[in-house]
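Structural characterization, general
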Amino acid sequence: MSFKLSDEQLMIQSMVREFSRKVVAATAAERDRTKEFPWDNFKQMGELGLMGMMVPTEYEGEGADAVSYVLALSEIAYSCASTSVVMSVQNSIVCESINNFGTEEQKQEFLVPLASGEIIGAFALTEPDAGSDPVSQTATAVRDGDHYILNGTKRFITSGKNCKAVIVTAKTDETAGHKGISAFLVAKETPGLIVGHAEDKMGLRASDTTDLIFENCRVPGSAILGKEGDGFKIAMSGLDSGRIGIAAQSLGVAQAAMDASVKYAKKRKQFGKPISMHQGIRWQIADMATQIEAARQLVMSAAAMKDRKENYTTQASMAKLFASEMVNKVTARAIQIHGGYGFTKDYPVERFYRDARVFTIYEGTSEIQRIVISNSILK
Ligand code: CAA
């Protein structure tokens, strides 16, 4: 790797690698079958400081940089993508938005338990008819004295069932386009906040994805995150960070698929020798390794730009686009190398392939990333 990591970054990487391969990997396949939420992982990850890595230490975070965060996240994804998506949403979108836009009161009430891993957070932007185009959302927040009344349905919410705090966007002014969208930080137990349908998904099966329904959900004025009308920008800037996270997640799953393929190719014999000695397989491994390395450079570069406080919106989209497309190719090749065995649940590549499929979709589809990238070039 051409990036020179600091001693601290190397230490975090090796600590998370050891934890992930020992603890997280042990139950990943079983939880893929049972859809059981990995509470045990999060308890230990909270103790290791992985649930609010970039949050300042005064709010129980680790005060780590974005490079350390992507290293840690890809190590968790290496063993279990379901665990890593929850870690990603928690760190990148939820904690970061509260840290950047929250009041001191909101930080004490929500950021401290989130960062310490005591509770799980969710981010509710998408609606049944507003995915790629969140400005067309229809949830509303209507002022009622010193409160707001929230109404609407949010869809595909990661940790919708298991979270205790939700950042939700809603229109405070239906005539003002993106400037009419506000963000609210809502405690899960608030009356009128209902967990709806839980999706039965192709992958990431141990991470719950649900509707969140707001039915005359009354929240105090102090629940607003930032100011009225800031919601779209809060969501977009949270997604910039989130997209680096999904790219890091892609890296982890791709590396796991490649390592499994190398192990299998060295062991499996056909035509009198290990298939790793056949050029057709060697070249596939070479292409996989090159694709992973290219993605790694993009992910690390975007994270380093974030650490230098440069505008990294375009680089986050490039990293997300490239890495998420890459992991879909790499996991497909991993199955090809495993032949018929790759199509069975006896080998982990089948799970990697299913888990990776959503990476080009959530936190902005590949098509949305291309809009962001081309807009920055063709201004
Ligand atoms: N940071 C801060 N502000 C930003 C921004 C960013 N990255 N991107 C845009 N903005 C601002 C713009 O500056 C503009 O503000 P002004 O009018 O003041 O200049 C405003 O937002 C509107 O920008 P656009 O005109 O570019 O907005 P748009 O409506 O054309 O949409 C888009 C742009 C990039 C397509 C955006 O809608 C988008 O990203 N869509 C995809 C949504 C998405 O990623 N959803 C994922 C759901 S969450 C999820 O999957 C989480 C999970 O649980 C795993």
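Residues numbered from 1 in each chain as written. Predicted model: local features only at pLDDT ≥ 70, side-chain atom pairs only at ≥ 80, totals over all residues. Heavy atoms only, no water.

Another aspect to go through is the overall build of the protein chain. From N to C terminus, the protein chain includes 10 helices and 10 strands. A compact globule built from 379 residues should have a C-alpha radius of gyration of about 21 Å, and the protein chain, at 21 Å, falls within 12% of that. The principal-axis extent of the C-alpha atoms belonging to the protein chain is close to 80 × 40 × 40 Å. A burial count over the protein chain gives 56% of its 379 residues as buried. Within the protein chain, counting contacts between residues at least 6 apart in sequence, those at least 24 apart form 74% of the total. By element, 54% of the accessible surface of the protein chain is carried by carbon and sulfur atoms, the whole surface being about 16,600 Å². A distance of 9 Å separates the average location of the 43 positive side-chain charges in the protein chain from that of its 45 negative side-chain charges. (Helix = DSSP H or I, 4+ residues; strand = E, 2+ residues; numbered from the N terminus. Rg over C-alpha atoms; globule rule 2.2 N^0.38 Å. Buried < 20%, exposed > 50% of the residue type's maximum accessible area, 1.4 Å probe, protein only. Contact = heavy atoms within 4.5 Å. Areas by Shrake-Rupley, 256 points an atom, 1.4 Å probe, with all protein chains shown as cover. Lys, Arg positive; Asp, Glu negative; His and termini not counted. Charge placed at Lys NZ, Arg CZ, Asp CG, Glu CD.)

A few words now on the side chain of Lys 320. Assignment of secondary structure puts Lys 320 in helix H8 (residues 313–338). Non-local contacts of Lys 320, meaning those with residues more than four positions away in its chain, are made with Arg 243, Ile 246, Ala 247, Phe 359, Thr 360, Ile 361, Tyr 362, Glu 363, Gly 364 and Gln 369.

Here the focus is the environment of Leu 50. With respect to the helices, strands and loops of the structure, Leu 50 is situated in the loop between helix H2 (39–47) and helix H3 (66–79). Distance from Leu 50 to Glu 62, taken between C-alpha atoms, is 7.9 Å for residues 12 residues apart in sequence. In contact with Leu 50, other than residues within four places in its own chain, are Val 16, Met 45, Ala 72, Ile 76, Met 87 and Asn 91.

Here we take up empty space enclosed by the protein. Evaluated as defined, the whole model comprises 1 cavity of 30 Å³ or more. Counted as a void, the largest cavity has a volume near 50 Å³. Every residue lining the largest cavity is listed: Ala 28, Arg 31, Asp 32, Cys 80, Ala 81, Ser 82, Arg 205, Ala 206, Arg 351 and Asp 355. The set of elements that each furnish at least two residues to the lining of the largest cavity consists of helix H1 (7–34), helix H4 (81–101) and helix H9 (349–356). Sorting elements by how many residues they give to the lining of the largest cavity places H1 first, with 3 residues. By residue class, the composition of the lining of the largest cavity is 4 nonpolar, 1 polar and 5 charged. (1 Å grid on protein atoms, 1.4 Å probe; cavity = no way out; pocket = protein on both sides within 12 Å on 5 of 7 lines; lining within 4 Å. Points joined across faces, edges and corners; volume = space filled by probe spheres on them. Nonpolar A, V, L, I, M, F, W, Y, C, P; charged D, E, K, R; others polar.)

So, about the environment of Gly 180. Structurally, Gly 180 can be placed in the loop between strand E4 (165–171) and strand E5 (181–187). For Gly 180, a relative accessible area of 0% corresponds to the buried category. The sequence separation of Gly 180 and Cys 95 amounts to 85 residues, and the corresponding C-alpha distance is 23 Å. Filtering out sequence-adjacent residues up to four positions away, Gly 180 remains in contact with Ala 170, Lys 171, Thr 172 and Asp 173.

So, on to the site of the ligand. Near the ligand lie 23 residues; those nearest to it are Ser 132, Thr 158, His 178, Arg 243 and Glu 363. The contact in question runs from an oxygen atom of the ligand to an N or O atom on the side chain of Lys 233, over 2.9 Å. Within the complex, 70% of the 1,100 Å² of free accessible area of the ligand lies under protein. Looking at the shell around the ligand, the elements that each hand over two or more residues are helix H6 (231–267) and helix H10 (366–377). The greatest single-element share of the shell around the ligand, amounting to 7 residues, is contributed by H6. (Near = heavy atom within 4 Å. Polar contact = N/O pair within 3.5 Å; in protein donor to acceptor, adjacent residues only side chain to side chain.)

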